[in-house]
Amino acid sequence: MDVLWADGQLRDRYLNISLGTRAWGRPVARKFVQRVDYLIGAATWKDVSALQSLRLHRLRGHREGQWAIDLNSGWRLLVAYDEDENTVTVEEVTNHYDD
């Protein structure tokens, strides 16, 4: 699956885990890299949605069109996929309770 980035900081935090560790802490940064690796390795969005351990869920309200993937202790990775189901955009890493 093709992965696009909403901003360069997210890409940099994926490529250099120490940047992610400084931003979110080590457990969240490690899980972020693991989840993005899974997105890259998946063939289609259906493969992503089939893996129950991601705890993937559709968001509503002002986040309509985005999906959340659980990371660690309330932290989540927000993504959106294209209609072709072969491209996903990494939108944001957020602490659910700070939204």
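Residues numbered from 1 in each chain as written. Predicted model: local features only at pLDDT ≥ 70, side-chain atom pairs only at ≥ 80, totals over all residues. Heavy atoms only, no water.

Turning to the nonpolar core, a few remarks are in order. The biggest cluster of nonpolar side chains holds 24 residues, and the ones touching the most others in it are F32, L39, W45, V48, L77, V79 and V93. Counting residues per element, the ones that place at least two in this core are helix 1 (8-15), helix 3 (26-41), helix 4 (45-50), strand 3 (67-72), strand 4 (75-81) and strand 5 (87-95). When residues of this core are assigned to their parent elements, the largest contribution, six residues, is made by helix 3. (Core = buried A, V, L, I, M, F, W, Y, C linked by side-chain atoms within 4.5 Å. Buried < 20%, exposed > 50% of the residue type's maximum accessible area, 1.4 Å probe, protein only. Helix = DSSP H or I, 4+ residues; strand = E, 2+ residues; numbered from the N terminus.)

Our focus in this paragraph is the packing of aromatic side chains. Scanning all chains against the criterion turns up six aromatic pairs. Seen in terms of ring centroids, W5 and Y14 are 5.6 Å apart; in terms of plane orientation they differ by 35°. Their pairing is tilted. For Y14, a relative accessible area of 16% corresponds to the buried category. Plain terms: the ring middles of W67 and Y81 are 6.2 Å apart, the flat faces sit at 45° to each other, and that makes the pair tilted. Of this pair, W67 sits in strand 3 while Y81 sits in strand 4, placing them 14 residues apart in sequence. According to the relative accessible area criterion, W67 is buried, its value standing at 14%. Taking the relative accessible area as the measure of exposure, Y81 reaches 29% and is therefore partly exposed. Of the aromatic side chains, those joined through ring pairs into one cluster are W5, Y14, W24 and F32. (Phe/Tyr/Trp six-rings, centres within 6.5 Å; stacked < 30°, edge-to-face > 60°.)

Here we take up the sheet that holds strand 4. The mixed open sheet is built from five strands, whose spatial order is 1-5-4-3-2. A single partner strand is all that each edge strand has here, and the edge strands are strand 1 (2-5) and strand 2 (57-58). Where strand 4 lies against strand 5, seven bridges are found, and the strand directions are antiparallel. Bridged to L77 within strand 5 is V93. Of the strands in this sheet, strand 1, strand 3, strand 4 and strand 5 touch helix 3, which is tilted by about 135° from strand 3. (Pairing = 2+ DSSP bridges. Contact = heavy atoms within 4.5 Å. Axes fitted to C-alpha atoms, helices over the stretch in contact; angles between N-to-C directions.)

In the structure shown here, the tally under the stated rule is three salt bridges. R11 is paired through a salt bridge with D12; the nearest N and O atoms lie 3.2 Å apart. Across the pair R55 and D70 runs a salt bridge, and its minimum N-O distance is 3.1 Å. With R55 in the loop between helix 4 and strand 2 and D70 in strand 3, this pair connects stretches of sequence that are 15 residues apart. (Salt bridge = Lys/Arg side-chain N within 4 Å of Asp/Glu carboxyl O.)

Packed helix pairs are characterised by how far apart their axes lie and by the angle those axes make with each other. At a closest axis distance of 7 Å, the pairing of helix 2 (residues 17-24) and helix 3 adopts a crossing angle of 135°. The angle between helix 2 and helix 3 places the two elements in the oblique class. The chirality of how helix 2 crosses helix 3 is right-handed. Each of I17, G20, T21 and W24 in helix 2 lies in contact with helix 3, whose residues at this interface are R26, V28, A29, R30, F32 and V33. Taken together, the residues of the contact of helix 2 with helix 3 sort by class into six nonpolar, two polar and two charged. (Parallel < 35°, antiparallel > 145°, perpendicular 65-115°, else oblique. Left-handed = near helix turned anticlockwise from the far one by under 90°. Nonpolar A, V, L, I, M, F, W, Y, C, P; charged D, E, K, R; others polar.)

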